[in-house]
Every structure is written in C-alpha cells, then in structure tokens.
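# Reading the structure
Chain residues, written in single-letter form:
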Amino acid sequence: MEPKYSFGCSASKPNGCLLNPEGSRMIFFEECGNSPKLNVKIHTHFFYANHLGEPGGYKYSEKLSINTAWEKWHELHQKGWTEVYFHYG
C-alpha cells in the first residue's frame, strides 16, 4: 500500500521533536547547517526519554536526505508518535 502524502518542498523540512506513544523515546529533526540548498540533509538525534518525557540519555544520530527524513517523520506519526515542544541544542 503506497502512502498518500506528499513530501515537503524545499522551504518545508521536518523540524522538531517527536515522542513515542509510550513516552520512552524521542527523536529530534533538524536541518544540517552546512547542507547545500539543492541537497538538503536532516540530522535526526535519538534519545531515551525519562518519566517526564524529557531526554534522559543519548542513543544515536544519523544524517538523512530530506525525502528520507519526511518518510521517517510520516511513518512515526502513523505509528502514534506525537510532536512535542522541546528545544534541542
């Protein structure tokens, strides 16, 4: 089954923090500061979350193309992850 969503345009990038339904893991999405405009890369930073839904321990990071980042963002939303306000960095 093909997903029925479109990827963001060059002005739209997955940016923010998602928390899993159990409240035990978080993922931060942010644009790589040095990525060229035509080949935007997105950093994702994975954390374990504490009982307050705050980062409790670093797990790992990865760099994704913008299309792959949008795929991950939408996939996580479909699995019940919610966007939460938390400033990374």
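For the structure, see preceding data.
About the thresholds
Residue numbers restart at each chain and count upward from 1, following the sequence in its written direction. With pLDDT at 70 or above as the cut-off, local features in this predicted model cover only qualifying residues; side-chain atom pairs require 80 or more to be listed or tallied, and sums for whole chains, interfaces and linings still use all residues. Heavy atoms from the whole structure form the basis of all side-chain values; hydrogens and water molecules are not counted. Working definition: helices are DSSP H or I runs of at least four residues, strands are E runs of at least two. Numbering for both runs from the N terminus. Here the term buried applies to any residue with accessible area under 20% of the maximum for its type, exposed to any over 50%, and partly exposed to those in between, with areas from a 1.4 Å probe on protein chains only. Throughout, a contact is declared for two residues whenever any of their heavy atoms are within 4.5 Å. The term salt bridge refers to a pairing of a side-chain nitrogen on Lys or Arg with a carboxyl oxygen on Asp or Glu at a separation within 4 Å. Two strands are counted as paired when DSSP detects at least two bridges linking them. We call Phe, Tyr and Trp rings a pair once their centres come within 6.5 Å, taking the six-membered ring for Trp, and we label the pair stacked below 30 degrees between planes, edge-to-face above 60, and tilted otherwise.

## A short note on the overall build of the protein
A count of helices and strands for the protein gives one helix and five strands. Each helix (α) and strand (β) of the protein, taken in turn from the N terminus, gives the series β-β-β-β-α-β. Within the protein, buried positions represent 31% of all 89 residues. Relative to all contacts within the protein whose residues are 6 or more apart in sequence, the contacts with residues 24 or more apart total 49%.

## Re the pattern of salt bridges
All chains considered together, the criterion is met by two salt bridges. In this structure, Lys13 engages Glu31 in a salt bridge whose closest nitrogen and oxygen atoms are separated by 3.9 Å. With Lys13 in the segment before strand S1 (16-19) and Glu31 in strand S2 (residues 25-31), this residue pair connects regions lying 18 residues apart in the sequence. Of the residues examined, Glu31 reaches a relative accessible area of 37% and is grouped as partly exposed.

## Re the pairing of strand S3 (residues 41-49)
Residues in a regular strand project their side chains so that they alternate between the two faces of the sheet. Here S2 runs beside S3; their pairing, made up of seven bridges, is antiparallel. Bridge pairing in S3 places Phe29 opposite Thr44. As defined by bridge partners, S3 adjoins strand S4 (residues 55-65) across nine bridges and the pair is classed as antiparallel. For Lys41, the partnering residue across the bridge sits in S4 and is Ser65.

## Considerations on the packing of aromatic side chains
A full pass over the atoms with the stated rule returns five aromatic pairs. Geometrically, the ring pair formed by Phe29 and Trp73 is edge-to-face, given 5.0 Å between the ring centres and 80° between the ring planes. With Phe29 in strand S2 and Trp73 in helix H1 (residues 66-78), the pair connects residues that are 44 residues apart, well separated along the chain. Exposure class is identical for Phe29 and Trp73. Each is buried. Considering the side-chain rings of Phe46 and Tyr60, the 4.3 Å spacing of their centres and the 15° angle between planes classify their relative orientation as stacked. Here Tyr60 lies in strand S4 and Phe46 lies in strand S3, a separation of 14 residues in the sequence.

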